[in-house]
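Structural features, examined
Chain by chain, the residues run as shown.
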Amino acid sequence: MGDRAPADGDPILRVDGVTVRFGGVVALDGVSFDLKRGEVLGLIGPNGAGKTTLFNCLSRLYTPKSGSITFEGIDILAHPAHRIARFGMGRTFQNVAAFSTLSVFDNIRIGAHSRGVSDPLSDGLRLPRCRRNEDAVFEAASDIVDILSLGSVADLPIAGLPFGVQKRVELARALAARPTLLLLDEPAAGLNHDEIGELASLIRQIRDDLGITVLLVEHHMGLVMSVSDTVVVLNFGRKIAEGAPDAVQQNPAVIEAYLGHAA
């Protein structure tokens, strides 16, 4: 399937029949769903359900055996992983993947560079285009520092900061690339109750104020159900439910997947 301009009303992301096998193990089995522009979609399931595998397909770390993934009308499976950020897709990681000796601000600037237009020759010669790009990167990073209330720690090395703050920096770095779709990989992992509440507010702010569509992979059910417009449930690599949070929580197949037959 070739790239095409998205039409009005098209989903920002379409996953269609995605299947992934690792040897004889079927990690994903014909998974399909659409993510509408401006929504938060929660992707959940028990351990081993295939959530991380699907997430890694979206960010092009894995290539499916079959099926298609279309983002903004672009067949992302036809493009290498390093092109995904420039298409407008950003992601965070479950474990903080930061440059620990650099400041918070410099870590965020690195995220902003992924959407830049510089090249080695322009950078080496300090051509006007390079300077304009650096100014744009500085402005983007500054905006995100303000939005995520990181000004008080912006000049500090990330290594000495509390884990919850480090997770916020991880989110800030992804946002600095100005994505239209943000993939959040278990952002609540390692956070305490208060920090999870702050994270929920941030996710809503990202959607409502920045207009960014969000795909959330998360084990914390309270967070998923409180911020998601739609929830997709995987189990043993197959989609077993999709719908509004209230409906999904009452779905017998979902209850069985999490609690077993006795429930």
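Calculation notes
- Residues numbered from 1 in each chain as written.
- Predicted model: local features only at pLDDT ≥ 70, side-chain atom pairs only at ≥ 80, totals over all residues.
- Heavy atoms only, no water.
- Pairing = 2+ DSSP bridges.
- Helix = DSSP H or I, 4+ residues; strand = E, 2+ residues; numbered from the N terminus.
- Contact = heavy atoms within 4.5 Å.
- Salt bridge = Lys/Arg side-chain N within 4 Å of Asp/Glu carboxyl O.

Per an unreviewed UniProt entry, the protein chain is named High-affinity branched-chain amino acid ABC transporter ATP-binding protein LivG, and its organism is Acuticoccus sediminis.

Taken together, the 7 bridges between strand β1 (residues 13-22) and strand β2 (residues 25-35) define a ladder with antiparallel strand orientation. Residue pairing across strands places Val18 opposite Val31, the latter belonging to β2. In textbook terms, the turn of a hairpin is the stretch between consecutive antiparallel strands, and for β1 and β2 this stretch comprises 2 residues, one of which, Gly23, has a positive phi near 65 degrees. With 5 bridges joining them, β1 and strand β4 (residues 66-71) adopt antiparallel strand pairing. Among the inter-strand pairings, Asp16 is bridged to a residue of β4, identified as Ser68.

Moving on, we come to the environment of Cys57. With respect to the element layout, Cys57 can be found in helix α1 (residues 51-58). When the C-alpha positions of Cys57 and Val18 are compared, they lie 8.9 Å apart, and in sequence the two are 39 residues distant. With residues near it in sequence (within four places) discarded, Cys57 still touches Val20, Leu28, Tyr62, Pro64, Ile69 and Ile76.

This part takes up the pattern of salt bridges. On inspection of all chains with the given rule, the structure shows 10 salt bridges. Put simply, Arg207, Asp208 and Asp229 are held in one network by salt bridges that share partners.

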